[in-house]
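Summary of structural features
Read off the chains here:
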Amino acid sequence: PTYVFLILSISFLGYSFSIYIKPLSIKEDTAFDKSMASTGQLVWQHYNCQSCHQLYNLGGYLGPDLTNVISHPDKGEKIIRAMVKSGTKQMPAFTLSDNEMNSLIEYLKSIDASGSSDLRKLKINNLGMIEEDERK
């Protein structure tokens, strides 16, 4: 009985240790530049975009959720650039430098590549995990 516990404990510790030494899978995403995306996050924070816009359904409610705006067929990078430069009724025009604008676009690309924000397409299963609802 104690040998079983000892063997299971050593196996658990060995497995846990091996995960931290060599992660199971690290996928390098080439859809965006990580360095520029990090700078873009600072631009997002500096101009306080989260006070009006949401990412992953978190943030302000005055503007739209921008989680998947880059891959949206009717929107995308060109629309974002135009909206930021010219503004709308509710959104002021921002005078971002080319570097700031490009970094902000890379940040939005990184957010877009990381997942979806439409909570209507998600459901919570019996184990408390979130999964996509095929009915919607």
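So, here is what we can say about the structure in this document. Model, not experiment: these values are computed from the prediction.

1. Things to note about the packing of helix H3 (residues 77–86) against helix H4 (residues 98–114)
Between two packed helices, the angle of one axis relative to the other and the distance separating the axes together describe the packing. At their nearest, the axes of H3 and H4 sit 11 Å apart, and the two run at 135° to each other. Taken together, the axis directions place H3 and H4 in an arrangement best described as oblique. Between H3 and H4 the crossing geometry is right-handed. In this structure, H3 uses Glu 77, Ile 80, Arg 81, Val 84 and Lys 85 to contact H4, whose residues at the interface are Met 101, Asn 102, Leu 104, Ile 105, Leu 108 and Lys 109. Residues belonging to the contact of H3 with H4 are distributed by class as follows: six nonpolar, one polar and four charged.

2. Details of unusual backbone geometry
Non-glycine residue Asn 48 carries a positive phi angle of around 55°. Tracing the backbone through its elements, the reader meets Asn 48 in the loop between helix H2 (34–46) and strand S1 (54–55). For Asn 48, a relative accessible area of 39% puts it in the partly exposed group. Of note in the backbone geometry, Tyr 56 takes a positive phi value of approximately 55° without being a glycine. The topology assignment puts Tyr 56 in the loop between S1 and strand S2 (58–59). A relative accessible area of 33% places Tyr 56 in the partly exposed class.

Rules used in this analysis
- Residues numbered from 1 in each chain as written.
- Predicted model: local features only at pLDDT ≥ 70, side-chain atom pairs only at ≥ 80, totals over all residues.
- Heavy atoms only, no water.
- Axes fitted to C-alpha atoms, helices over the stretch in contact; angles between N-to-C directions.
- Helix = DSSP H or I, 4+ residues; strand = E, 2+ residues; numbered from the N terminus.
- Parallel < 35°, antiparallel > 145°, perpendicular 65-115°, else oblique.
- Left-handed = near helix turned anticlockwise from the far one by under 90°.
- Contact = heavy atoms within 4.5 Å.
- Nonpolar A, V, L, I, M, F, W, Y, C, P; charged D, E, K, R; others polar.
- Buried < 20%, exposed > 50% of the residue type's maximum accessible area, 1.4 Å probe, protein only.

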